[in-house]
Amino acid sequence: MKQVLICGIPFERRYANDSRLVDQDFNPRRLNGLINYEQHSITILSKNPVEAQRQTLMHEILHGVVDSLAIRELVGENGDHIEAPIKQLATGICEALESLGLVLPDSESDKAE
């Protein structure tokens, strides 16, 4: 099982071929990725290019960090995470990591392990 630790909690990394992932409220929605806090899992859409998969993984990890550390600045008045800064942070962090030679996993690299 492929995992990522988020604030000490292991989350299983999964991949899906169908973009109609089910969100936290059990609503089927078209998503590139989804973190499930109850199942401790992150699901990434494997149809996307590997770079998009990596950014989506970072995006979902950031949701986990925001939730675990209760980062109020990234939570809106309704209690939902604010998507735009999380997406921007994910893009910037992925680029910085890759410039250091650190590449996040994707569906293709996970198959090779």
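That block above? That's the structure.
Everything in this summary refers to the structure shown in the same document. (Residues numbered from 1 in each chain as written. Predicted model: local features only at pLDDT ≥ 70, side-chain atom pairs only at ≥ 80, totals over all residues. Heavy atoms only, no water.)

## Observations regarding the sheet that holds strand E2 (residues 9-16)
Rules: For two strands to count as paired, DSSP must find a minimum of two bridges between them. Helical segments are the DSSP runs of H or I of at least four residues, strand segments are the runs of E of at least two, and each set is numbered from the N terminus. Note on definitions: angles span 0 to 180 degrees between N-to-C directions of axes, and those axes are lines fitted to C-alpha atoms, for helices only across the stretch in contact.
Read across the sheet, 4 strands follow the order E1-E2-E6-E5 without closing on themselves; strand pairing throughout is mixed. Whereas interior strands pair on both sides, the edge strands pair on one side only; in this sheet they are strand E1 (3-6) and strand E5 (33-36). Neighbour to neighbour, the strand axes of the sheet diverge by 25° on average, direction disregarded. Note that E5 and strand E6 (residues 41-45) share 4 bridges and pair antiparallel. Its bridge partner lying in E6, Leu-34 is registered against Thr-43.

## Some thoughts on the pattern of salt bridges
Spelled out, the test is: The salt bridge criterion pairs a side-chain nitrogen of Lys or Arg with a carboxyl oxygen of Asp or Glu, the two atoms within 4 Å. A simple rule labels every residue: compare its accessible area, found with a 1.4 Å probe on the protein chains alone, to the largest value its type can have, and call it buried under 20%, exposed over 50%, or partly exposed in between.
Under the definition given, this model contains 4 salt bridges. Here Asp-110 makes a salt bridge to Arg-13, at a shortest N to O gap of 2.6 Å. Of this pair, Asp-110 sits in helix H3 (residues 107-112) while Arg-13 sits in strand E2, and the two are 97 residues apart along the sequence. Both residues of the pair, Asp-110 and Arg-13, belong to the buried class.

## Thoughts on helix H1 (residues 50-69)
In an α-helix, one full turn covers 3.6 residues, which means residues spaced three or four apart are oriented alike. Let me state the cut-off plainly: In this analysis, the expected span of each helix is defined as 1.5 Å times one less than the number of residues it contains. Contact between two residues is taken to exist if any of their heavy atoms lie within 4.5 Å; hydrogens are not considered.
Taking 1.5 Å per residue as the helical rise, H1 with its 20 residues ought to reach 28 Å, and the 28 Å between its terminal C-alpha atoms agrees with that figure. Looking at the buried positions of H1, the neighbouring elements they touch are E1, E2, E5, E6, helix H2 (83-99) and H3. After H1 finishes, the residue Ala-70 shows a positive phi value of roughly 50°.

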